[in-house]
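# Remarks on the overall topology
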Amino acid sequence: MFPLFLFNQYISILLFVFSLSHFHPQHKKGKAKLGQLDLEGALIARDRVGIQDFVLLDAHNSETAFLDNLKKRFSEDLIYTYIGTLLISINPYKMLDIYTKKQMDFYMGVNFFELPPHIYAVADNAYHTMLMEANNHFILISGESGAGKTEASKKILQYYAVSCPSTTLLDTVRDCMLMSNPVLEAFGNAKTMKNDNSSRFGKYMDIQFDSQVLSPFTIDHAVYARDALAKAIYSRTFTWLVNKINESLENKDSSRKTVIGLLDIYGFEVFSVNSFEQFCINFCNEKLQQLFIQLTMKAEQEEYEAEGIGWEPVQFFNNKIICDLVEEQHRGIISVLDEECLRPGDATDLTFLEKLEQRMGNHPHFVTHKLADKKTRKTLERGDFRLLHYAGEVTYCIVGFIDKNNDLLYKNIKEVMCLSKIPIIHECFPATEADSRRRPETVATQFKNSLLRLTEILTAKEAWYVRCLKSNENKQPGKFDEVLVRHQVKYLGLMEHLMVRRAGFAYRRRYDVFLQRYKALCPVTWPHWRGVPSDGVETLVQHLGYQPDEYKMGRTKIFIRYARTLFATEDAFEICKHELATRIQAKYKGYRAKGEFRKQKEAATKIETCWRGVQARKERERRAWAVKVIKKFIKGYMTRHEAITTDNTEYLAFVQQSYLNRLKDNLPKTVLDKTTWLTPPPVVKETSAILRQLHTRMLVRKYVRGTTSQKKAQLQQKVVTSAIFKGKKESYPQSIPVPFVDTRINEQDINMRVLQTIRHERIKYSIPVVKYDRNGFKPRQRQLILTQAAVYLAEEAKIKQRVDYVSLKGVSVSNLGDSIMILHVTCGDPKQKGDLVLQCDHLFEVLTKLAMLANKQNNIKVVQGSIKFEIHVGKESCVDFSTGQEHMVYKGKNGNLMVVSPRIKFR
């Protein structure tokens, strides 16, 4: 953002005139409409999204109906609406997918009202009208600051750029054109109260003094001179930049002189404090509004005259009185301001205000604190004056008007700038005597003259209009502020423009276009009208019952006065389309059906004849075949036990097939099913054995694939158990159906101190056991814990013994049904504890887990009789096993541990 003081003198306009002599877009006929609504849409669509041309609005005098129609379309993201050829654009403050290359192609070379409203339609029709009429055009884009005017101009430029055929020269021009916008905006845009990126383009005009540098300055003069020099340098830099861009875009083809001007003007501004800048900006908008009214009335009247239709005058507010108040020679505000700036003596802002009160005291659009009534005086400061613009009242603060209107760049500063050869300055004025006597122009006069030149340029061209509206002040997507939009509609004169368009006739179309669309509504004009289009239209509207006051016949167009007349015609056309489609469809279907019926009847007769012959021949062949088969079957049955011959081959094949068919319905369902398999006849005995083997393998594979990971783990453990104990220990068969579990003691049931001691090892399995002391064999309740690396024997919070798997020599059990196991430990130290004698209810589960963890499957021994174990190094003891009536474990008289196990009876 640039500081505001840099723009105090930059009150002019951007006039971008772009030559379109190179553009030759291809006309595209019969395009698909992408599902969008036509101008004359169905009644239901009009209710939902409103009217896309305000000229067709029934209540065209109602501002409320006008706003309701805008709001309907805005709520459906339809931001464009027509008033005839004038385009209204509401800023949606969000990205819409309506500016793609596909959309550009869609609007190229299409009739203006054939497609929904769009800024591309304005750009395209301005171009084609220029080509057909060989004259100049301009597109005037206006609206409040922040309403989207600059964006609208960008869309038009992008459309024209994309429309160019692809050549090296045109690609270069197109790139320069598109890239110039960011450069111009970087130098000439600024942030305002209502817009973060407001166009502030301007041209600096300097005045030569004979004193706008060696002369002594007061402090105030020096400050003015400094600021003026900074502004002059910036202005000329910007002027140089614009000139360079214009040179790069200059039309080199002297044979093509028609142009389209694109005017993106800063919008009407009303701030909390309005100064000289806002006065100039609003005056510019006032002048353009006056031009807009004049050109609109002129274009409308010319069309009526060209078509031979009587023109009916329209009452509307003419803002010429406001323009005269500002710019009238010797009497307007600008003249009074210039007199104060150029007269000798001490002119101040207050003396300027006093002169305004003297000159404008009785003007209905001018008021000050002194001239106002008591009620109005409360809203005005003593240094303010208020103008009643076409867009509403604006109060201006006169502070700074004199200073900002003066050119502060003194002549000797200009001379220094020329002598120093500052490269960005291209206009140096020599200090001649004639220049010293010349009366300098003020900023306001420069601005007024610039506006005059602009209006002369625009008046010489055909006008197209884009009116940009802000939907809300907060730049919020989807929000429609009715009060704000109503204010913009009012001061942009949209209602007046609509009244001008509706003063006579709401709808006008060329005869050929109107007849082509609605000819189906009259039997005389449908399907083809052989005469001239105007006669066909006359016949059509007479058939539709148009009253004389509802339409007029021009030279090339039909004019329809009321929108309801057109809508009634359109709704009748919607109904007629369905009726015509149904009638055509019925006729076509009947024609097709009759032809198909004749063809089908002839074909059926031929097929029936052929089919009967085929069936008769098949029946004869089938009977002959049956006789042969029966004969062979009888012979085969009689010789079925003999060697294979030609007589019994087919019979034996039948036996084989019959067996296989019966077998497929009676296959065993499980591997253990040994009785279901059918007894085969001798001829398929070998085959039956192979099939049975294959089927058994299939059942096994199916069983294996259906086994879960948990069940698989169980089976793997059971396999290890079987390898160790099967046929060796009496109690093994009883353990087979009992599933193993992951652990018999949960971790929360193990003392915390024990868990902390073995926290570096992962607990795999734990179970309660009875441990018999090595001396005396007294039973002790313990917890047996298996980890990844060792066996732990714990008593509550204390670990009694740890046995590394490496130190575990083996495990011994008896062959009886007891649950005693002895863990043999390598004892290298006399102080080290010896082997462990344990009793466990889940003996097979514990030993299987231990064998798999310690990889000791081959170290588990099943022993008959007694088992020796080491109490400690050099001292042994023994466990004697025997059978008896009941289970007992005690210390025998011989000092050994006696284990009595009842004998297990097998079924």
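Our structure's up above, just so we're on the same page.
Procedures and definitions
Every chain's residues receive numbers from 1 upward, in the order its sequence appears when written. Given that the model is predicted, a residue must reach a pLDDT of at least 70 before its local features are reported, and side-chain atom pairs must reach 80 or more before they are shown or counted; all residues, however, enter totals for whole chains, interfaces and linings. Each side-chain value is derived from all of the structure's non-hydrogen atoms; neither hydrogens nor water enter the calculation. Note on conventions: DSSP H or I runs of at least 4 residues are helices, E runs of at least 2 residues are strands, and numbering of each starts at the N terminus. In this scheme, a helix's expected span is set at 1.5 Å multiplied by one less than its residue total. Relative accessibility decides the category of a residue: with a 1.4 Å probe and only protein chains considered, values under 20% of the type maximum give buried, values over 50% give exposed, and everything between is partly exposed. Throughout, the arc means the angular range of directions from the helix axis out to the C-beta atoms. Nitrogen and oxygen atoms within 3.5 Å of one another constitute a polar contact, given that in protein one can donate a hydrogen and the other can accept it, and given that sequence-neighbouring residues count only through two side-chain atoms. Patches in this entry comprise residues that are over 30% relatively accessible and not in a salt bridge; like charges within 9 Å are linked, as are nonpolar side chains (Val, Leu, Ile, Met, Phe, Trp, Tyr) within 5 Å. Computed by Shrake-Rupley with a 1.4 Å probe, the accessible areas treat only the displayed protein chains as cover when residues are assessed. Here a salt bridge means any side-chain nitrogen of Lys or Arg lying within 4 Å of a carboxyl oxygen belonging to Asp or Glu. Charge convention: Lys and Arg are scored as positive, Asp and Glu as negative, and His as well as the terminal groups of each chain are ignored. Think of each charge as sitting on NZ of Lys, CZ of Arg, CG of Asp or CD of Glu. Two residues qualify as a contact provided that any one of their heavy atoms is within 4.5 Å of a heavy atom in the partner residue. Whether two strands pair depends on DSSP finding at least two bridges between them. All axes here are fitted lines through C-alpha atoms, helices being fitted over the stretch that makes contact, and every angle between N-to-C directions spans 0 to 180 degrees. Each nonpolar core is a collection of buried residues, namely Ala, Val, Leu, Ile, Met, Phe, Trp, Tyr and Cys, held together in the definition by side-chain atoms within 4.5 Å. Put simply, angles under 35 degrees are roughly parallel, angles over 145 are roughly antiparallel, angles from 65 to 115 are roughly perpendicular, and the rest are oblique. Classification convention: Asp, Glu, Lys, Arg as charged; Ala, Val, Leu, Ile, Met, Phe, Trp, Tyr, Cys, Pro as nonpolar; all other residues, Gly among them, as polar.

### Focus on helix H2 (residues 63–75)
Here H2 spans 18 Å end to end across 13 residues, near enough to the 18 Å set by a 1.5 Å rise per residue. Of the positions making up H2, those classed as buried are Phe66, Leu67, Asn69, Leu70, Arg73 and Phe74. Viewed end-on, H2 has its buried residues packed into an arc of 155°, placing them on one side of the element. Between the side-chain oxygen at the start of H2 and the backbone nitrogen of Thr64 there is a gap of 3.4 Å, and the oxygen is on Ser62. Residue Asp77 follows H2 closely and has a positive phi angle near 60°.

### Re a positive patch on the surface
A cluster of like positive charges, contributed by Lys587, Arg592, Lys594, Arg598 and Lys599, occupies part of the molecular surface. Counting through the fold element by element, Lys587 comes out in helix H21 (residues 563–638). For Lys587, a relative accessible area of 65% corresponds to the exposed category.

### Some thoughts on helix H22 (residues 649–664)
Side chains that are three or four residues apart share a direction in an α-helix, a result of its 3.6 residues per turn. Between its terminal C-alpha atoms H22 stretches 23 Å, which fits the 22 Å expected from 16 residues at 1.5 Å a residue. Looking at H22, one finds that the buried residues are Tyr651, Leu652, Val655, Tyr659 and Leu663. Taken down its axis, H22 places every buried residue within 110° of arc, on the same side. Summarising the contacts, the buried residues of H22 are in contact with H21 and helix H23 (685–705).

### Side note on the sheet that holds strand S15 (residues 763–772)
Spatially, eight strands are ordered S18-S17-S16-S15-S21-S20-S19-S22 in an open sheet, and the strand pairing comes out mixed. Pairing within the sheet leaves two strands with one partner each, and these edge strands are strand S18 (798–804) and strand S22 (860–863). In this sheet, adjacent strand axes meet at a mean angle of 35° when their direction is disregarded. Each of S15, strand S16 (779–787), strand S17 (790–795), strand S19 (808–814), strand S20 (820–825) and S22 is contacted by helix H27 (residues 843–854), which is oriented at about 40° to S16, the strand it contacts most.

### Some remarks on the nonpolar core
Ranked by size, the top nonpolar core spans 86 residues in total, and within it Phe66, Leu70, Phe279, Phe385 and Phe514 carry the most contacts. Counting residues per element, this core draws most heavily on helix H8 (residues 276–307), which supplies 10 residues. Among residues more than four places away in sequence, those in contact with Phe514 are Tyr507, Arg509, Val537, Leu540, Val541, Tyr546, Ile558 and Ile560. Core analysis: the next-biggest nonpolar cluster, separate from the first, contains 34 residues, Leu96, Phe106, Tyr127 and Leu157 among them.

### A few points about the sheet that holds strand S9 (residues 384–389)
Judged by pairing direction, the sheet is antiparallel, and its three strands sit side by side in the order S8-S9-S10 without closing on themselves. A single partner strand is all that each edge strand has here, and the edge strands are strand S8 (366–368) and strand S10 (392–397). Across this sheet, the average inter-strand angle for adjacent strands is 25°, counted without regard to direction. The sheet contact formed by S8 and S9 spans three bridges and is antiparallel. Note on S9: the bridge partner recorded for Val367 is Arg386. Of the strands in this sheet, S8 and S9 touch helix H11 (residues 349–360), which is tilted by about 135° from S8.

### Section: unusual backbone geometry
For the peptide bond that leads from Trp526 to Pro527, omega is 0°, which places it in the cis range. By secondary structure assignment, the location of Pro527 is in the loop between helix H19 (511–518) and helix H20 (533–544). One non-glycine residue, Tyr93, lies in the positive phi region at around 55°. Secondary-structure assignment places Tyr93 in the loop between strand S3 (86–91) and helix H3 (101–107). Despite not being glycine, Lys475 shows a phi value in the positive range, around 55°. Looking at the element boundaries, Lys475 is found in the loop between strand S11 (462–470) and helix H17 (482–491). Under the relative-accessibility criterion, Lys475 is labelled partly exposed at 32%.

### Points about the packing of helix H24 (residues 709–725) against H27
Across the interface, H24 lies against H27 with an axial gap of 9 Å and an inter-helix angle of 100°. Classified by the angle between their axes, H24 and H27 sit roughly perpendicular to one another. Along the contact surface, H24 presents Gln717, Val720, Thr721, Ile724 and Phe725, while H27 presents Phe844, Leu847, Thr848, Lys849, Ala851 and Met852. For the contact of H24 with H27, a count of residues per class yields seven nonpolar, three polar and one charged.

### Notes on the pairing of strand S7 (residues 259–264)
With six of its six residues buried, S7 lies for the most part within the structure. Side-chain alternation along S7 places Val259, Gly261 and Leu263 on one buried face and Ile260, Leu262 and Asp264 on a second face that is also buried. Pairing of strand S4 (residues 137–143) with S7 involves five bridges; the strand directions are parallel. Bridged to His137 within S7 is Ile260.

### Overview of the pairing of S4
Where burial is concerned, most of S4 is hidden: seven out of the seven residues are buried. Residue alternation in S4 divides its side chains into two sets, His137, Ile139, Ile141 and Gly143 and Phe138, Leu140 and Ser142, and both sets are buried. Of the pairings in the sheet, the one linking S4 to S11 comprises seven bridges and is parallel in character. Counted as the bridge partner of Gly143 is Cys468 from S11.

Remember that the coordinates give geometry; whether it matters functionally is a separate question.
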